[in-house]
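# Architecture at a glance
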Amino acid sequence: MFMRIDHIGIACRDLEEKIELFSRLFDLEVVAREVNEEQGVKEAMLHIADGEGGGSYIQLLEPLSDDSPVGKFLAKRGEGVHHVAFGVPDVADAMSKIGEKGVRLLDERPRHGSMGSQIAFLHPKDVGGMLTELVQAAKR
């Protein structure tokens, strides 16, 4: 079902500061920036590598407000890993198959994600405490 780790989402208070840190420490390059009003974040995607299943990234997330999901995460847990995202060939199909196994879906249907992707989140309590995202990359 999973083709790769698409990205690791990292919550931060200062997007520009973290871009500079990850670029300097790991020689990562920003390949996309976006403001996602629906999710309440400013984000940057830093490219790690490409493989047979597609690219892998670090996704840096700065909340647009304290009451957004990432803003609440920062208030409760501080900066750090927010979620892990797995690349799938068809997000709707993956949602159906995982839902049939009793995992609660936080999204009823796929929604817009970074770089034109389609995404859906799984309930962390059903996945060992880890917020998990399914990502169907945009056709390129």
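Calculation criteria
- Residues numbered from 1 in each chain as written.
- Predicted model: local features only at pLDDT ≥ 70, side-chain atom pairs only at ≥ 80, totals over all residues.
- Heavy atoms only, no water.
- Helix = DSSP H or I, 4+ residues; strand = E, 2+ residues; numbered from the N terminus.
- Rg over C-alpha atoms; globule rule 2.2 N^0.38 Å.
- Buried < 20%, exposed > 50% of the residue type's maximum accessible area, 1.4 Å probe, protein only.
- Contact = heavy atoms within 4.5 Å.
- Areas by Shrake-Rupley, 256 points an atom, 1.4 Å probe, with all protein chains shown as cover.
- Lys, Arg positive; Asp, Glu negative; His and termini not counted.
- Charge placed at Lys NZ, Arg CZ, Asp CG, Glu CD.
- pLDDT = per-residue confidence, 0-100.
- Core = buried A, V, L, I, M, F, W, Y, C linked by side-chain atoms within 4.5 Å.

## Some details on the overall build of the chain
- Secondary structure summary: the chain contains 3 helices and 8 strands in total.
- Relative to a compact globule of 140 residues, whose C-alpha radius of gyration would be 14 Å, the chain shows 15 Å and is just as compact.
- For the C-alpha atoms alone, the extent of the chain along its principal axes is close to 40 × 35 × 25 Å.
- Put simply, the chain has 140 residues, and 46% of those count as buried.
- Within the chain, residue pairs in contact and separated by at least 24 positions form 55% of the contacts whose partners lie at least 6 positions apart.
- Roughly 7,800 Å² of accessible area belongs to the chain as shown, and the carbon and sulfur atoms make up 51% of that amount.
- Between the mean site of the 17 positive side-chain charges and the mean site of the 24 negative ones, the chain shows a separation of 5 Å.

## Describing the environment of V35
- Structurally, the position occupied by V35 is in strand β2 (residues 29-36).
- The class for V35 is partly exposed, based on a relative accessible area of 46%.
- Residues V35 and K76, spaced 41 residues apart in sequence, show a C-alpha to C-alpha distance of 23 Å.
- Other than its neighbours up to four places away in sequence, V35 contacts V41, K42 and L64.

## Looking at the confidence of the model for the chain
- Residue-level pLDDT values for the chain average 96, and 99% of them are 70 or greater.
- Confidence scores differ between elements of the chain, with strand β6 (residues 111-112) showing the lowest mean pLDDT of 94 and helix α1 (residues 15-26) the highest of 98.

## As for the nonpolar core
- Grouped together as the largest cluster of nonpolar side chains are 10 residues: I10, C12, L15, I19, F22, L28, A44, L46, I58 and L60.
- Of all the secondary-structure elements, those providing two or more residues to this core are α1, β3 (41-51) and β4 (54-63).
- Among the elements that make up this core, the one with the highest residue count is α1 (3 residues).
- Dropping the residues within four chain positions of it, L28 is found in contact with F22, S23, L46, H47, I48 and I58.
- Listed in part, the 9 residues of the second largest apolar core include V88, M95, I98 and L134.

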